[in-house]
Amino acid sequence: MAFKLHGIKLRDRKTTEGMPSVRIPVPETVTIPTSMHIGKPVTPVVKVGDLVKVGTLIAEDATALSAPVYSSISGKVSKITEITISNGNVVQAIVIQSDGEMTVDENIKKPEINSKDDLISAIKKSGMVGLGGAGFPTYAKFTSGKPIETLLINGAECEPFITSDSTTMVERADDIKTAIESLVKYFEVKEVVLGIEKGKGEAIRKMEELASQIPNMKVKILPKIYPQGGEKVLVYHSTGKVIPVGKLPIDVGCVVINCSTMAGIGKYILTGMPLVERCITVDGGAVKEPKIVIAPVGTPLKCLFDFCGGFKEEPFSVLYGGPMMGISVPDTSVPVLKQTNAILALTEKETHVPKETNCIRCGTCVTNCPFGISAPAITKAYKAKDAEAAIKAGAELCMECGCCSYNCPANRPLVQTNKLAKALVRDYRAKEAK
Amino acid sequence: MENKLHISVSPHIHSKRSTQKIMLDVLIALLPTTIAGAVIFGVSSLAVVAVCVAACVLSELLFNIIVKKQQTIGDLSAAVTGLLLALNLPANVPLWQAAVGSLFAIIIVKCIFGGIGRNVVNPAITARVFMLVAFSSLTSAAFPLDSTAGATPLVDLAEGNAVELKDLLLGNVGGAIGETCAVALLLGGVYLLIKRVITWHIPVAFIGTTFLFTLVLKDFDAMLALSLVLSGGLILGAFFMATDYVTSPTTPLGKIIFGIGAGLITVLIREWGIYPEGVSFAILIMNILNPYIDSLTARKLFGGGKK
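Every chain is numbered independently, its residues counted from 1 as its sequence is written. Written order determines the labels here, with chains lettered from A and ligands numbered from 1. Only residues with pLDDT of at least 70 are given local features in this predicted model, and only at 80 or more are side-chain atom pairs given and counted; all residues enter the totals for whole chains, interfaces and linings. Side-chain measures here rest on the full set of heavy atoms in the structure, leaving out hydrogens and waters.

### Thoughts on helix H9 (residues 201-217) of chain B
Residue and element names in this part refer to chain B. The terminal C-alpha atoms of H9 lie 24 Å apart, and with 17 residues this matches the ideal 24 Å at 1.5 Å per residue to within 8%. Burial classification: accessible surface area is computed with a 1.4 Å probe over protein chains only, and a residue below 20% of its type maximum counts as buried, one above 50% as exposed, and the rest as partly exposed. Helix and strand labels come from DSSP, where a helix needs a run of H or I of at least four residues and a strand needs a run of E of at least two; each type is numbered from the N terminus. Three or more residues of H9 are buried, namely His201, Ile202, Pro203, Ala205, Phe206, Ile207, Thr209, Thr210, Thr214 and Leu215. Note on contacts: a residue pair is in contact if any heavy atoms of the two residues lie within 4.5 Å. The inward-facing, buried residues of H9 abut helix H10 (222-230), helix H11 (234-241), helix H12 (252-272) and helix H13 (279-296). Note on H9: the residue one or two positions beyond its end, Asp219, has a positive phi of about 55°. A helix is expected to span 1.5 Å for every residue after the first.

### Quick look at the side chain of Asn119 of chain B
Residue and element names in this part refer to chain B. Within the element layout of this structure, Asn119 appears in the loop between helix H4 (95-110) and helix H5 (123-134). Exposure remark for Asn119: the relative accessible area of 6% places this residue in the buried category. Separated by 3.0 Å, the side chain of Asn119 and the backbone oxygen of Val121 make a polar contact. Sequence-distant contacts of Asn119, that is, excluding residues within four places in its chain, are made with Val109, Lys110, Phe113, Asp244, Val246 and Thr247. Think of a polar contact as two N or O atoms within 3.5 Å of one another; within protein, one of them needs to be a possible hydrogen donor and the other a possible acceptor, and neighboring residues in sequence only count if both atoms come from side chains.

### A closer look at the packing of aromatic side chains
Aromatic rings from Phe, Tyr and Trp, taking only the six-membered ring of Trp, are treated as a pair when their centres fall within 6.5 Å; an angle between ring planes under 30 degrees marks them as stacked, one over 60 as edge-to-face, and anything in between as tilted. Summed over all chains, the structure comprises eight aromatic pairs over all chains. Both rings, one in Trp96 of chain B and one in Phe135 of chain B, keep their centres 5.5 Å apart while their planes meet at 75°; by these two values the pair is edge-to-face. Separated by 39 residues along the polypeptide, Trp96 of chain B in helix H4 and Phe135 of chain B in the loop between H5 and helix H6 (153-158) bring together distant segments of the chain. With 5.2 Å between their ring centres and 35° between their planes, Tyr275 of chain B and Phe281 of chain B make a pair best called tilted. Overall, the relative accessible area of 24% leaves Tyr275 of chain B in the partly exposed class. Lysine NZ or arginine CZ positioned within 6 Å of the ring centre and within 35 degrees of the ring normal marks a charge as sitting over the ring. The residue whose ring lies beneath Lys385 of chain A is Tyr382 of chain A, and the NZ or CZ to ring-centre distance is 4.0 Å.

### Notes on the domain arrangement of chain B
Residue and element names in this part refer to chain B. Segmentation into domains, and thus their bounds, comes from an automatic or database assignment. Domain boundaries in chain B define domain 1 (19-139 + 161-197) and domain 2 (200-297). If you look at the interface, domain 1 gives 34 residues, while domain 2 gives 24 residues. Once two parts are brought into contact, the accessible area they lose, counted with a 1.4 Å probe and summed over both, makes up the buried area. Summed over both sides, the interface between domain 1 and domain 2 buries roughly 2600 Å², with carbon and sulfur atoms accounting for 75% of that surface. The salt bridge criterion pairs a side-chain nitrogen of Lys or Arg with a carboxyl oxygen of Asp or Glu, the two atoms within 4 Å. Linking domain 1 with domain 2 are zero salt bridges.

### Considerations on the environment of Met128 of chain A
The topology assignment puts Met128 of chain A in the loop between helix H1 (116-125) and strand S9 (150-155). Along the chain, Met128 of chain A and Val77 of chain A lie 51 residues apart, while their C-alpha atoms are 23 Å from each other.

### Side note on unusual backbone geometry
A cis amide bond links Tyr226 of chain A to the next residue, Pro227 of chain A, at an omega of 0°. Summarising the element assignment, Pro227 of chain A is placed in the loop between strand S11 (217-222) and helix H5 (231-239). Note the cis peptide between Ser10 of chain B and Pro11 of chain B, where omega equals -5°. Structurally, Pro11 of chain B is set in the segment before helix H1 (19-41). Although it is not a glycine, Glu400 of chain A sits at a positive phi angle of roughly 60°. Note that Glu400 of chain A resides in the loop between helix H10 (387-392) and helix H11 (403-406). The backbone of Lys16 of chain B shows a phi angle near 70°, a positive value even though the residue is not glycine.

Right under this line is the structure:
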């Protein structure tokens, strides 16, 4: 079945494209939340007053779906507090006062990997989560036991502004290579495909060079259409496989891993250093000197903006991630998370404060939706609190890419309502399961 | 000191496309045929346009004030309805009748159903049909200032008289203010296509079906079929009224079905109905069928399988 996936063209505004990443000065304190992943928040294993170093385990949960958390700087645990994270939940956070030294924990050493289980356990210990923004614990993608035909590396980076993935591909090709080789070896992966959007010259060149060294690896250059990096979109455009509604990539033999996540896995395999820092694009119309920075997890966003010369005008909103799917934050004291790939400070002119009017049934939302979902049908179902109608309209299929809202002439909050409808469906499913 | 930042749900950027801009584009696209109408039928046509637009905008303004709804005249849709209705009326229509028609379009067809986007049928089309039934003045068309003709081209052609193609293209024939000049209408239609306000599906299916069906009925006389396509309100209806978002399908396939249906009904009425023209009725009937077409032609979900 030939299915044409729709999407939209966006002005890509990647002003930091091609810049090398720069490390920010050591922050005075970091605030590291115990939930930077999908799943259960982890439990602190340090107390106030404990001394920690870069890479010291500070929180974990051995049983539930989660990812362990490590200290990103060396210093002293000054308090264990509570913070509100972007999904509205209140979780514990560990505040560490820096000693300015960035001493590496002496227990950090190259892990011993001799089997598939060793590799899965290494990925779990690395603290890796989906670095494209979703934050799903990476190890859990390998525990289904189903055969992996295709390892698909997501280098699409389709959101405006964001350049950290392509920078990682350029600067850390060796880490990515190590991760690919280990996964291919222990999971008997048949082919490796790296999907990347057209126009990322240097990253494409590096990855093609890499592909020439790895048998059965190819680089798939994809057209610049948002949301090219959406998991189902990427699988379809890179392999031609359609993931049925309600199924995962592994059900069609694919595992999709973001390229920065791959680099993180590779680094852990090579050195034993877990995920403690991120490559982040700092951009947006309010930022004086947009840069690509490397910052420890837990660094307040303010330090990153200050490093980029501060603001040239008062930002109207500040986001984790890109403008299409990012999450707006209440102030710039919030920390860098594991899954933070960009932080944007947008001016009032750039971000739109829509005034909702009546739907004029232009149909643009349905036409633009990659998956053919009718957002108005979901809205109707949600307003009637009809979970079954919402399921039928495809609420669960929605990836919240925002193509519908972006072009809506009536400025209707379609993504917002879809999110609410998805919550309605989740509750309904939970009740049904009982 | 932390300033309060704005919190919003993604997406945080917008294409700046708006209902107002779309309606403005429709008004711009209707400008050539409005000017052509004024040239062909004289300044009285501009009086009709002014009355219809003013009556539509004012009635929506007052309705919103009376029922304490948020004001909506700024979206320009009332102005579009007024202009479209005027262009569908003969230049010699009594102005009070034009005003009553406008009131009907906005209050009865649009506002009572909940305003823009909630109307079931196209306000301008429905008001025209209402006036056709209510006032006898609409059955007698106005004629160009310098013309000696006594019938509209549709009537002329039906009686076997030839009508110059040049007159049909330039609009030098009898009819409603904005329906006669095919060149001006096509200019506006192309503008809407270029600005992506409309897609080609409805106009092409509507006009194409009318042409082919007429061709079959007229023993494959291509010249006659072409003349009939250029006569009456077909071009105006196909580009500007059948394409109304609210009352037409949203998918390409749905649009084609809608256009074909409208074309068939138009020809049926033209050939066998008691009215010489069937475009308004055809669009009105397809408006009513629209919800069914839309649900039958909805896009399939990606990976949705059967169900």
